[in-house]
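# A closer look at the structure
Residue-level listing of the chains:
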Amino acid sequence: MDDDQLLRYSRHIMLKELGYPGQLRLLDARVLILGIGGLGSPAAMYLAASGIGHLVLVDFDTVDASNLQRQIAFNTHDIGDTKVEAAAKTLVKMNPDIDVRGLHGDISIESLASEISAADVVLDCTDNFNARDRINELCVQSGTPLVSGAAIRFDGQISVFDPRLESSPCYRCLYPEGTDEDDTCSNRGILSPVVGIIGSAQAVEALKLLTSIGETLCGRLLILDALRMEWRSIQLHRDPNCPVCSRQGSRTTTRSF
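The numbers attached to residues start from 1 for each chain and follow its sequence in the written order. Only residues with pLDDT of at least 70 get local features here, since the model is predicted, and only at 80 or more are side-chain atom pairs given and counted; chain-wide, interface and lining totals rely on the full set of residues. Hydrogen atoms and water are omitted, and side-chain values are computed over all heavy atoms in the structure.

### Notes on the overall build of the protein
Each helix corresponds to a stretch of at least 4 residues labelled H or I by DSSP, and each strand to a stretch of at least 2 residues labelled E; elements are numbered beginning at the N terminus. Helix and strand content of the protein: 10 helices and 8 strands. The globule rule is 2.2 Å times the number of residues to the power 0.38, and the radius of gyration it is compared with is taken over C-alpha atoms. At 18 Å, the protein has a C-alpha radius of gyration in line with the 18 Å of a compact globule built from 257 residues. Along the three orthogonal principal directions, the C-alpha set of the protein runs to about 55 × 40 × 40 Å. The buried share among the 257 residues of the protein stands at 50%. Only heavy atoms matter for contacts: two residues are in contact if any of them lie within 4.5 Å across the pair. Long-range pairs, those at least 24 residues apart, make up 66% of the contacts in the protein with a sequence separation of at least 6. A simple rule labels every residue: compare its accessible area, found with a 1.4 Å probe on the protein chains alone, to the largest value its type can have, and call it buried under 20%, exposed over 50%, or partly exposed in between.

Laid out in structure tokens, this is it:
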């Protein structure tokens, strides 16, 4: 690190659990963020500010006015631009030292699998079960840690699925039957700071995974009720009959993302 970087990351370096070696790990790290919306925006901004050396952003959408209530990586002037391009501009302005690459539009399973395999950590910030299911499968197959977040109305949840650990459940263990595809922010609404809380927590878990500090949320589901401002923690266990992560072997998907 040069003098400018030492100053920029000085508050990280002061943390004895993280320190200089931990910050070097972050500068060398590669994080894949899938979905640059309400969750992906704060997660990406905190990871960029923290000095993640390589960020890859994936999103198929463009910025519209309804996004601005909660998707803090964008502003009014970004309306009509692709989310990955608009977010990349924001992140590079925050931290010009980092490398940010955006992938816009539908990408093939093969391309997604390649990006997941190349990443040190994947953040699932998408908002539908089919995407989450496919991302989970590919993370299990590649052995890449997955930080999964979700939020709707006044509620949020976050967990970590780490296929490197024998005891870790996967996303399919949590939702073996899937979820309601209509249960999205666009259909049900969302209180804007809720996605900020969950997205920021996803960034925290990613930083912990990358630097091997603390205890991650692997094996736990953390649930937020923002109306009461209460958190609950639920233990998660690996399903021995899970079609994705059980010893019978992960299935291979050929669907598009």
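### Thoughts on the sheet that holds strand β2 (residues 54–59)
Strands pair, by our definition, only if DSSP identifies at least two bridges between them. Taken in spatial order, the 8 strands of this open sheet run β3-β2-β1-β4-β5-β6-β7-β8, and their pairing is mixed. Looking along the sheet, the strands with just one partner apiece sit at the ends: β3 (99–104) and β8 (230–235). When the angles between neighbouring strand axes are averaged without regard to direction, this sheet yields 15 degrees. Where strand β7 (residues 220–225) meets β8, 6 bridges bridge the pair, whose relative direction is antiparallel. Counted as the bridge partner of L222 is S233 from β8. With axes taken as lines fitted to C-alpha atoms, and helix axes fitted only over the stretch in contact, angles between N-to-C directions fall between 0 and 180 degrees. In the packing of helix α6 (residues 109–118) onto the sheet, the strands contacted are β1 (30–34), β2, β3 and β4 (121–124), and the crossing angle to β1 comes to about 140 degrees.

### Considerations on the pattern of salt bridges
If charged atoms from side chains of opposite charge come close, those side chains can pair. Salt bridge, as used here: a side-chain nitrogen of Lys or Arg that lies within 4 Å of a carboxyl oxygen of Asp or Glu. All chains considered together, the criterion is met by 10 salt bridges. For D81, the salt bridge is made with K89, and the minimal N-O distance between the two is 3.9 Å. With a relative accessible area of 47%, K89 lands in the partly exposed category. The shortest N-O distance in the salt bridge between R164 and D162 comes to 2.8 Å. Each member of the salt-bridge network shares a partner with another, and the members are R30, R101 and E115.

### Re helix α5 (residues 83–94)
Between its first and last C-alpha, α5 extends 17 Å over 12 residues, near the 16 Å set by a 1.5 Å rise per residue. Considered for burial, the residues of α5 that qualify are K83, V84, A86, A87, A88, T90 and L91. Structurally, α5 contributes buried residues whose contacts are with α4 (40–50), β2 and β3. For a helix, the expected span equals 1.5 Å multiplied by the residue count minus one.

### Topic: helix α7 (residues 129–142)
In this model α7 runs 20 Å from its N-terminal to its C-terminal C-alpha over 14 residues, within 8% of the 20 Å that 1.5 Å per residue would give. Burial of α7 is extensive: 11 of the 14 residues sit out of reach of the surface. Within α7, burial applies to F129, A131, R132, D133, R134, I135, N136, E137, L138, C139 and V140. Elements in contact with the buried residues of α7: β1, α6, β4, β5 (146–152) and α8 (171–174). Here a polar contact is taken to be a pair of N or O atoms separated by no more than 3.5 Å, where protein atoms must pair a possible hydrogen donor with a possible acceptor and residues adjacent in sequence count only if both atoms sit in side chains. Where α7 begins, the side chain of N128 points an oxygen toward the backbone nitrogen of N130, at a separation of 3.3 Å. Looking one or two residues beyond α7, the residue adopting positive phi is G143, at roughly 70 degrees.

### Remarks on the nonpolar core
Here, nonpolar core means buried Ala, Val, Leu, Ile, Met, Phe, Trp, Tyr and Cys residues that are tied together by side-chain atoms lying within 4.5 Å of each other. By size, the foremost hydrophobic cluster in this structure holds 44 residues, and its most contacted members are I33, L47, I52, L55, L57 and L123. Those elements giving two or more residues to this core turn out to be β1, α4, β2, α5, β4, β5, β6 (155–161) and α10 (192–211). Sort the elements by how many residues they give to this core and α10 lands first, with 9 residues. Ignoring any residue separated from it by four or fewer positions in sequence, one finds I52 in contact with L26, A29, V31, L47, I98, L207 and L210. Residues L32, I116, V122 and I223 belong to the second largest nonpolar core, which totals 20 residues.

### Brief notes about a negative patch on the surface
There is a patch of like negative charges on the surface, built from D2, D3, D4 and D97. Tracing the backbone shows D3 in helix α1 (residues 3–8). Patch membership requires over 30% relative accessible area and the absence of a salt bridge. Like charges are linked within 9 Å, and nonpolar side chains (Val, Leu, Ile, Met, Phe, Trp, Tyr) within 5 Å. Residue-level accessible areas treat just the shown protein chains as cover; the underlying method is Shrake-Rupley with a 1.4 Å probe. His is not counted here, nor are the chain ends, while Lys and Arg score as positive and Asp and Glu score as negative. Throughout, a charge is located at the NZ atom of Lys, the CZ atom of Arg, the CG atom of Asp or the CD atom of Glu.

### Considering the side chain of Q5
The residue Q5 is located in helix α1 in this model. Setting aside residues no more than four positions away along its own chain, Q5 makes contact with L27 and D97.

### Points about the packing of aromatic side chains
When two rings of Phe, Tyr or Trp (its six-membered ring) have centres within 6.5 Å they constitute a pair, described as stacked for plane angles under 30 degrees, edge-to-face for angles over 60, and tilted for the intermediate range. Tallying each qualifying case throughout the model produces 3 aromatic pairs. Ring centres 6.0 Å apart and planes at 35 degrees place the aromatic pair F129 and Y171 in the tilted group. With F129 in helix α7 and Y171 in helix α8, the pair connects residues that are 42 residues apart, well separated along the chain. Side by side, F129 and Y171 carry an identical accessibility label, which is buried.

So yeah, pure geometry; function would need other evidence.
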